[in-house]
Amino acid sequence: MKKELIELRVNGRSREVAIEPAKLLLDTLREDLQLTGSKRGCDDSSCGACTVLVDGTPMLSCTMIAASISVDDEGHAPEITTIEGVAEHGAMAAIQKAYGDWGGAQCGYCTPGFIMTVKALLERNPEPSDEDIRHALSGNLCRCTGYTQMYQAIKAAIRAEQQGIAAARR
Amino acid sequence: MAENTYQWPDASKRKLIGKRMNRVDGPVKASGRAKYTYDLVRPNMLYGDSVKCPYAHARVKSIDTSAAEKMPGVKAVHVIHGPDDGAKGEVFWAGTDIVAVAAVDEPTARDAVRAIKVEYEQLPHLVLNDKEPNLAEAEKSELYKVASKETVGDPNSAFQQSEVTHEGYYGSPVITHCCLETHGSVAEWPDKDHLFLHISTQNVPGIGEQVAKAIDMPASNVHVHQDHVGGGFGSKLGLDPWGVAAAQLSKKAGGVPVKMMLNRATELETAGCRPSAYARVKVGAKKDGTLLAWESYAWGSGGPGAPGSLAIPYVWKVPNQQKQYVGVVNHIGPSRAWRAPNHPQMCVITMGALDDLAAKLGMDTFDFVKKNIDLLDPRSKIYSEELDVANDLMQWKARWHPRGDSDTLGIPMEAISLQIGDNQYPPDSASGGSSTIGGVSSATFRAATDAKRQLIAKVAPALNAQPADLEVADGRVRVASDASRSLSWKEACSKLGAQTLTVRGTNPGEGDLTNSGVGGVQMADVSVDTETGIVKINKMVAVQDCGLVISPKQAESQVLGAMIMGVSYALYEEKVMDQTTGTMLNTNMDNYRLAGIGDVGELVVRLMTGPGYDERGVIGIGEPPTVSPGAAISNAVANAIGVRVPFLPLTPDRVLEALEKAQGEGGRA
Amino acid sequence: MSLPPFKLLRPRSIEDAAGYLSAHAPDIQIIAGGTDLLPSMKQRLFTPKYLLDIRGIDELRTIRSIPGHGTEIGALVTLSTIEDSEFIRRSYRVLREAVATVASPILRNMGTIGGNICLDTRCLWYNQSLTWRKSCGFCIKKDGDLCHVAPGGKKCWAAFSADSPAALLCLEAELEIAGPAGKRRLPLSEFYTNIGDARMKLANNEMLTRVFLPERMAGYDGVYQKLRLRGSIDYPLAGVAAALKKNAQGIIEDARVAITGVNPAPLLVNEARHALAGKMLNDHAAAVVGELAAKVAKPLTTSLLTPEYRREMIRVFAKRAVLGAGTGV
């Protein structure tokens, strides 16, 4: 089928791509925008490896049509955030650093999906309980790590953020 | 230190070894910058797909690729398995690649696949393997491979002397690896003689040679590259037909890159499995718990190549044994090494039988193991220590109770169980077989040691000293007896002049730096809802030795990951096959289930380190902790409900069935 | 896996949407959250020429209370929104309980109540790739004329696999449907056919626009019990919703029980209402309802876990749901 030009808002920028109308958001990000952090895992919307934020809400990019969230006739489009958009001004977000430090990743394939979900969780709920964490992360699967160190990573990230905020205030 | 010896530094001198270090590749993975094979997008890249045989057992009669070859956007077509391949085109599992295509995008490749016509002759198939084979029939059938009977000691007398015996069924089904990144590769030919392969593999050093051999070209002309792999667990060590096809398609298309990645259904169907293992086991002991005799009739399957044997009883040197094994041919995707190949299955069968025997003896399994600890030679002492540590972490002795009383239906019951794991593999260079840390660390250590020695040799004259007088510490090279005579590391390296030091460390195998053979103990605490059969994991404890621990955080991570794989294979995983159609029924991750974060309770890991352990040098830990969890959980469930659920996975319908059967028989197992 | 080709239409109003549906039926399908349709399209179960993306129809996104009548929920309201709605939790508890169990939090961010009501029925032999289904000779529901779970059967037994409709049945929900002739309303209990293939009374040029919860059903306590192997993600292999109202003495004034996951449609256990009304809420009454619910369940091997087990779980969960709904647990 003929390609069509669409405009997406990704990681704070407007990006134009020429794609087939049926192309999934995940494949558009990975192939046309070189944003390969979001992964293809399961083919049936059940693993979370492709998780991105759409206006701050975690969603599965493998289950979205890119054209569906492109800029419409009135110039509106949701803001898509991928793992590549989490680092700020070149510095890793606290959660990314903590994840690496605390063994939240082994093979790392599921990691971007988890970090997007965690980012959204912490924005809604800056001090989640273990139960809150378990609930929020229940849609992301990991084959390698056993999940246990992720709790530690998330708590470390929260501490780091709080210390950062406190330092900034001084 | 003498020139040709290598020793890990003393505990007091270790700066980094044994410290809780962060993963070096943590940042690149957490930022999404890590590139996996699936992520590769190369200029002019084509997408590969393939026609796969839909039948479990068939012959390819004819292939017509003409429609695909004429299709716009299709750049190459390659027959992988034609009527003359194999034994007259015979195919042994559904999903076997028959013809591969490369096209400008995925939809076109898919259309091309559909346009290819393949005619098959269907043959009879067998895809199930949980039924106990009749030995006499098995001996006459090509679908079964009967191994020779094995005897140790005098099992007949031993059973006569046994005051308590127990007989039961135990086992686990075929499961798969389910790596989150599926198998696949990107192949391109920079020129007609050179192949560049980016491949999702655990075997970067060795895979190029295997591909070269398959397509008859010099191995030195194959360049393999990969920075990160999204899981392997043993399934990404060897050659894949689709990988070879990618290289051949690329060549036919003029050398442009061809990406061939499996979709999830194909991954689950064909990219490797862990064989099943089932057994009818009889064990006998004296009233005081002394284990005397073992008799087993075991069977299992791992695809078209029936397994040859099963080394049970696992780890235990039972003095009198009678064993019979039958391998079953199944027309399913073939087996590949799955994290500690065969050990988990052997552990499930062995520890299940012994746990049931202990229960029949009225003994706490913990005491039963300690009573027979000498049968766990040569690791008796280690296991004994680990049992005590595990007891402490789980409060086993304080909390254990004899097998459950199932009068109180509907009230969850807690139980504990314990297991033992073992691994013994020689080091090799691929990342597998629990050898990476042993192989790599000792080679790295040797290389670093050699480099240091060579540097010291060059620097010694500048310090008016002999090499033997020097040491490296705190970023300086200095005379050991007079720290004021020293050079900074930078100054020392400048003495090398224009020549840099290149040192290769080799790993000579077992010896002073590395070892093999570890032991572990795991305990599981579960609750079972006896009205629904649903099993909940409350807590698991893993006590594991692996010699000198280089990086505790990563070692613990491996153990935790192994425990969760254990939860998945204990409660959820199985390859469900339909005998009528020969197909796999649970071909997606909705039905082939991996445990999520809410499906595990507390996981506690204790690594045995320090004197008595460090001296053994470095031993791999990737595999051992996967051995025990299934057995631990199965035994915990048996303790909770008073009934053995014979086969994994412990899905609630199986648990309830076991409970109802026991009630019907008016007793308990 | 990629999707088959289609043309995407993005209407801004119900009228536009209805117009497209009329113009292009039967080659057009509605997409909202996409969590049901897109995985099925990847398997080539659906290959519509046109995809009608209705997410631009803002008026379908609201939850509106109409005093004297009840509550109106737009078909596009996401499951997360309902899960987080304090109003729904207080007034229509059983719905909130059921919605909170659907799939996973991420999927609930995308999935809509309309999509959950219209969820395609499921079967191990249906939810497979095209090549897989072809190798088995297809089936009654899609492209064939045989059934793999009821050999020799002429009817489709694919199981209805959504959670919220069981709760909605307990709440006597009504649907508003827009079509070429305008809008119509019908009770949810009359929407499903209990046949696995032509599962709902929705013409291919119609669309679900709103769900109404009557005021008289507000304030009932409610519980939803779901059978699944994992704690998240999985479809229900059996599900029971119970809503009931007790008086101060603990006597049940009114009760509803509905089941899902074990028939081609979600079904009210009609006799449960009578069995519980005027009775003391206790184990015996709950057990009676369990037996009644199990009689309504007719599962086949459309999923893993044996049919006998799933029917038994309907019995157990119905009992527990009734007890739970009565104790405010």
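Residues numbered from 1 in each chain as written. Chains lettered and ligands numbered in written order. Predicted model: local features only at pLDDT ≥ 70, side-chain atom pairs only at ≥ 80, totals over all residues.

### Focus on the overall build of chain A
Put simply, the rule is: Here a strand is any run of E in DSSP of at least two residues, a helix any run of H or I of at least four, and the numbering for each starts at the N terminus. Put plainly, a residue is buried at 20 or more neighbouring C-beta atoms within 10 Å of its own, exposed at 12 or fewer, and partly exposed in between, counting only other residues' C-beta atoms, which are placed from the backbone.
A count of helical and extended segments in chain A gives five helices and five strands. Secondary structure elements of chain A, listed N to C terminal, follow the sequence β-β-α-β-β-β-α-α-α-α. For chain A, the C-alpha atoms occupy an extent of roughly 50 × 40 × 25 Å along the three principal directions. When burial is assessed residue by residue, chain A has 62% of its 170 residues classed as buried.

### Some remarks on the sheet that holds strand β1 (residues 7-9) of chain C
Residues and elements named next belong to chain C. Selection rule: When DSSP finds two or more bridges between a pair of strands, those strands are recorded as paired. Between N-to-C directions, angles cover 0 to 180 degrees, with each direction set by a line fitted to C-alpha atoms, over the stretch in contact for helices.
If you walk across this open sheet you meet the three strands as β1-β3-β2, and the pairing is parallel. A strand with exactly one partner marks an edge of an open sheet, and here the two such strands are β1 and β2 (28-31). Taking each pair of neighbouring strands and ignoring which way they run, the sheet shows an average axis angle of 30°. Judged from the four bridges that link them, β2 and strand β3 (residues 50-53) form a sheet pairing that is parallel. Pairing of glutamine 29 across the sheet is with leucine 51, part of β3.

### What about the interface of chain B and chain A?
For clarity, the threshold we go by: Residues are defined as contacting one another if the C-beta atoms placed from their backbone atoms lie within 7 Å. Charged residues are taken to be Asp, Glu, Lys and Arg, nonpolar residues to be Ala, Val, Leu, Ile, Met, Phe, Trp, Tyr, Cys and Pro, and polar residues to be all remaining types, Gly included.
Counting residues at the interface gives 41 residues for chain B and 43 residues for chain A. Every element with two or more residues in the side of chain B that touches chain A is listed here: α1 (26-30), α8 (264-270) and α15 (552-571) of chain B. Counting residues per element, the side of chain B that touches chain A draws most heavily on α15(B), which supplies seven residues. Of the residues that constitute the side of chain B that touches chain A, the class distribution is 19 nonpolar, 14 polar and eight charged.

### Here's the deal with the interface of chain B and chain C
Listed as interface residues are 25 residues of chain B and, on the opposing side, 22 residues of chain C. Elements with a contribution of two residues or more to the side of chain B that touches chain C: α3 (106-115) and α18 (652-664) of chain B. In the side of chain B that touches chain C, the residues fall into nine nonpolar, ten polar and six charged.

### Digging into the domain arrangement of chain A
All names here are of chain A. Threshold: Domain borders in the structure are assigned automatically or taken from a domain database.
For chain A, the assigned domains read domain 1 (4-85) and domain 2 (94-169). Just the C-alpha atoms count here: the centres of domain 1 and domain 2 sit 23 Å apart. Taken together, the contact pairs 14 residues of domain 1 with twelve residues of domain 2. Listed by contribution, the elements that provide at least two residues to the side of domain 1 that touches domain 2 are β3 (51-54) and β4 (57-60). Of the residues forming the side of domain 1 that touches domain 2, the biggest block, three residues, is contributed by β3. Residue composition of the side of domain 1 that touches domain 2, by class: seven nonpolar, six polar and one charged.

### Regarding the packing of α15(B) against helix α17 (residues 629-641) of chain B
All names here are of chain B. The criterion, for reference: Throughout, the term roughly parallel applies to angles under 35 degrees, roughly antiparallel to angles over 145, roughly perpendicular to angles from 65 to 115, and oblique to all others. The sense of a crossing depends on the near helix, which, turned anticlockwise from the far helix by less than a right angle, makes the crossing left-handed and, turned clockwise, makes it right-handed.
Running from amino to carboxyl end, α15 crosses α17 at an angle of 55°, the nearest separation of the two axes being 8 Å. Classified by the angle their axes make, α15 and α17 are oblique. Between α15 and α17 the crossing geometry is right-handed. Contacts between α15 and α17 involve Met563, Gly566, Val567, Tyr569 and Ala570 from the former and Pro629, Gly630, Ile633 and Ser634 from the latter.

### Considerations on the sheet that holds strand β2 (residues 13-19) of chain A
By way of backbone hydrogen bonds, the strands of a sheet pair with one another, either parallel or antiparallel. Residue and element names in this part refer to chain A. One open sheet accounts for five strands, arranged β2-β1-β5-β3-β4; its pairing is mixed. Edge positions in the open sheet fall to β2 and β4, since each of these has one partner strand only. For this sheet, the mean inter-axis angle between neighbouring strands, taken without regard to orientation, is 45°. Pairing of strand β1 (residues 4-10) with strand β5 (residues 79-81) involves two bridges; the strand directions are parallel. Note on β5: the bridge partner recorded for valine 10 is isoleucine 80. Lying over the sheet, helix α3 (residues 111-124) contacts β3 and β4, oriented at roughly 35° with respect to β3.

### Topic: helix α11 (residues 283-296) of chain C
All names here are of chain C. Put simply, the test is: Helix span, expected: 1.5 Å multiplied by one less than the number of residues in the helix.
With 14 residues, α11 extends 20 Å between its outermost C-alpha atoms, agreeing within 8% with the 20 Å of an ideal straight helix rising 1.5 Å per residue. Listed in full, the buried residues belonging to α11 are Ala285, Ala286, Val289, Gly290, Leu292, Ala293, Ala294 and Val296. The elements touched by buried residues of α11 are β10 (238-246), β11 (252-260), β12 (267-268), α10 (270-276) and α12 (307-326).

### Topic: unusual backbone geometry
Here Leu648(B) and Pro649(B) are connected by a cis peptide whose omega angle stands at -10°. For the bond running from Ala25(C) to Pro26(C), omega is 5°, close enough to zero to count as cis. With respect to the helices, strands and loops of the structure, Pro26(C) is situated in the loop between α1 (14-24) and β2. With a phi close to 65°, Arg44(C) is a non-glycine residue in the positive phi region. Residue placement: Arg44(C) occurs in the loop between α2 (37-42) and β3. On the neighbour-count criterion, Arg44(C) (20 C-beta atoms within 10 Å) is buried.

### So, the environment of Glu271(C)
Along the chain, the position of Glu271(C) falls in helix α10. Considering only alpha carbons, one finds Glu271(C) and Leu292(C), 21 residues apart in sequence, at a separation of 7.0 Å.

### Details of the nonpolar core
Note the cut-off: By our criterion, buried Ala, Val, Leu, Ile, Met, Phe, Trp, Tyr and Cys residues that link up through C-beta atoms within 7 Å make up a nonpolar core.
Core analysis: the biggest nonpolar cluster contains 353 residues, and Val101(B), Val637(B), Val94(C), Ala241(C), Ala242(C), Val257(C) and Ala293(C) have the highest contact counts within it. Beyond its immediate sequence surroundings of up to four residues, Ala241(C) is in contact with Val94(C), Ala98(C), Ala166(C), Ala167(C), Cys170(C), Gly222(C), Tyr224(C), Ala258(C) and Ala321(C).

### Some thoughts on the environment of Glu556(B)
Here Glu556(B) is to be found in helix α15. Separated by twelve residues in sequence, Glu556(B) and Gln544(B) have C-alpha atoms that sit 9.4 Å apart.

### A closer look at helix α5 (residues 148-169) of chain A
Owing to its 3.6 residues per turn, the α-helix brings residues three or four apart onto one side. Relative to the 32 Å expected for 22 residues at 1.5 Å per residue, α5(A) spans 33 Å between its end C-alpha atoms, a close match to the ideal helical length. Residues of α5(A) that are buried: Thr148(A), Gln149(A), Met150(A), Ala153(A), Ile154(A) and Ala157(A). Where α5(A) is buried, its residues meet α2 (94-101), α3 and α4 (130-136) of chain A together with α15 and β25 (602-608) of chain B.

### Things to note about the pairing of strand β17 (residues 291-301) of chain B
Residue and element names in this part refer to chain B. Counting buried residues in β17 gives ten out of eleven residues, a clear majority hidden from the surface. Here strand β16 (residues 277-285) runs beside β17; their pairing, made up of eight bridges, is antiparallel. The partner of arginine 280 across the bridge, within β17, is tyrosine 297. Here β16 folds back onto β17, and the loop between the two strands holds five residues, one of which, glycine 289, carries a positive phi near 100°.

### Considering the packing of helix α9 (residues 343-361) of chain B against α17(B)
Residues and elements named next belong to chain B. Two elements in contact, α9 and α17, have axes separated by 8 Å at closest approach and are oriented at 30°. For the element pair α9 / α17, the angle class is roughly parallel. For the pair α9 and α17, the crossing hand works out as right-handed. The segment α9 lies against α17, with Pro344, Cys347, Val348, Met351, Gly352, Asp355 and Asp356 engaging Gly630, Ala631, Ser634, Asn635 and Ala638. Of the residues contributing to the contact of α9 with α17, the split by class is six nonpolar, four polar and two charged.

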